[in-house]
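A look at the structure
Residues per chain are reported as follows:
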Amino acid sequence: MRVGALLSRMVGAVVLSALLLVASTAAGIWWTARGDSRPSSDAIVVLGSAQYNGVPSSIFAARLEHALTLWEDGVAPVVVTVGGKAAGDAFTEAEAGRDYLESAGIPADSLLAVPEGVDTLESMRAVGTAYAERGWTTAVLVTDPWHAMRAERMAEDAGMEAESSPTRQGPAVQTRTTQFRYILRETAAYLLYRATGESVAGAPGIG
């Protein structure tokens, strides 16, 4: 066999493997997004998103409302809100989320704000530390459907036994075009994390 033909086959095999990896990752994200796991857990963990002077954005509010429903259903005794703040902000995402849920009727002693993290990875590591300090292990994650698989992986890498109950409301799930865009972004972000152990900041639900 000529060297050129062998190299061509090798390149073809590498390209095919890469395409299969991307396709299988996207399929995994889609499949995880369709799930809704609600096991009895130590806490419900709400992934932060944008807030405006203490008022959660529509994406964040949809997550918080879903977490409220889970808490009312007895999935966990505590709701953890997580997320830091951008330069110039007066509130962190965690604080805005905690205040929203307290106003909705969850007692203050059933809420824990972890005001750290500019992306999912930092947030999950901060929550992992809070879990270790309290001897907790199990979590139900609340985020957008397309974000669930990466959030689960990062939570598990931070020492938690995590499952997800994604929200079915909000801008991230409104149209098929939006869904397709989020799946593409999450596929890239998930593969980057698995390859490098690093996260990427970006649109809500992507960092």
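Everything numeric here is computed off the predicted structure, so don't read it as measured data.

Each value, and the rule that gives it
- Residues numbered from 1 in each chain as written.
- Predicted model: local features only at pLDDT ≥ 70, side-chain atom pairs only at ≥ 80, totals over all residues.
- Heavy atoms only, no water.
- Helix = DSSP H or I, 4+ residues; strand = E, 2+ residues; numbered from the N terminus.
- Rg over C-alpha atoms; globule rule 2.2 N^0.38 Å.
- Buried < 20%, exposed > 50% of the residue type's maximum accessible area, 1.4 Å probe, protein only.
- Contact = heavy atoms within 4.5 Å.
- Areas by Shrake-Rupley, 256 points an atom, 1.4 Å probe, with all protein chains shown as cover.
- Core = buried A, V, L, I, M, F, W, Y, C linked by side-chain atoms within 4.5 Å.
- Phe/Tyr/Trp six-rings, centres within 6.5 Å; stacked < 30°, edge-to-face > 60°.
- Lys NZ or Arg CZ within 6 Å of the ring centre and 35° of its normal.
- Pairing = 2+ DSSP bridges.
- Axes fitted to C-alpha atoms, helices over the stretch in contact; angles between N-to-C directions.
- Polar contact = N/O pair within 3.5 Å; in protein donor to acceptor, adjacent residues only side chain to side chain.
- Right-handed = clockwise from strand over helix to strand, strands pointing away.
- Parallel < 35°, antiparallel > 145°, perpendicular 65-115°, else oblique.
- Left-handed = near helix turned anticlockwise from the far one by under 90°.
- Nonpolar A, V, L, I, M, F, W, Y, C, P; charged D, E, K, R; others polar.

Looking only at helices and strands, one finds six helices and seven strands in the protein chain. Counting from the amino terminus, helix and strand elements in the protein chain follow one another as α-β-β-β-α-β-α-β-α-β-α-β-α. Expected size for 207 residues packed as a compact globule is a radius of gyration near 17 Å; at 19 Å, the protein chain falls within 12% of this value. In terms of principal-axis extent, the alpha carbons of the protein chain reach across some 75 × 35 × 30 Å. Scored against the burial criterion, the 207 residues of the protein chain give a buried share of 45%. For the protein chain, restricting intrachain contacts to residue pairs at least 6 apart in sequence, the fraction spanning at least 24 positions comes to 69%. Approximately 10,200 Å² of the protein chain is accessible, and the part contributed by carbon and sulfur atoms is 56%.

Here we come to the nonpolar core. Soluble globular proteins tend to bury their nonpolar side chains together. Core analysis: the largest hydrophobic core is formed by 22 residues, its most contacted members being V45, V80, M124, V127 and L141. Of all the elements in the fold, those that place two or more residues in this core are β1 (43-47), β4 (79-82), β5 (111-114), α4 (120-134), β6 (138-142) and α5 (148-157). If one sorts the elements of this core by residue count, α4 sits on top with six residues. The residues touching M124, leaving out its near neighbours within four places in the chain, are V45, L47, L141, A151, M154, A155, A158 and M160.

Further remarks concern the packing of aromatic side chains. Tallying each qualifying case throughout the model produces two aromatic pairs. Geometrically, the ring pair formed by W30 and W31 is tilted, given 6.3 Å between the ring centres and 50° between the ring planes. Consider the rings of Y131 and W136, whose centres lie 5.3 Å apart with planes at 85°: the pair is edge-to-face. Cation over ring: R134 sits above W136, and NZ or CZ is 5.8 Å from the ring centre.

If you walk across this open sheet you meet the five strands as β5-β4-β1-β6-β7, and the pairing is parallel. Taken across any chain shown, the strands that pair with only one partner, and hence form the sheet edges, are β5 and β7 (161-164). Taken pair by pair, the neighbouring strands of this sheet meet at an average axis angle of 25°, ignoring direction. Pairing of β1 with β6, which is carried by four bridges, proceeds in the parallel orientation. What sits directly across from I44, in β6, is V140.

By secondary structure assignment, the location of H147 is in the loop between β6 and α5. Polar side-chain contacts of H147 include one of 2.8 Å to the side chain of T120.

Another point: the pairing of β5. Residues of β5 alternate between two faces, with L111 and A113 on one and L112 and V114 on the opposite face, all of them buried. Where β4 lies against β5, four bridges are found, and the strand directions are parallel. Counted as the bridge partner of V82 is V114 from β5. Between β4 and its parallel partner β5, the chain crosses via helix α3 (residues 93-103), and the hand of that crossover is right-handed.

With that settled, consider the packing of α4 against α5. It is the contact of α4 with α5, at a shortest axis distance of 9 Å, that shows an interaxial angle of 40°. In terms of orientation, α4 and α5 fall into the oblique class. The hand of the α4/α5 crossing is right-handed. Each of T120, L121 and M124 in α4 lies in contact with α5, whose residues at this interface are R150, A151, M154 and A155. Of the residues in the contact of α4 with α5, the class split is five nonpolar, one polar and one charged.

The analysis is restricted to geometry; functional conclusions fall outside its scope.
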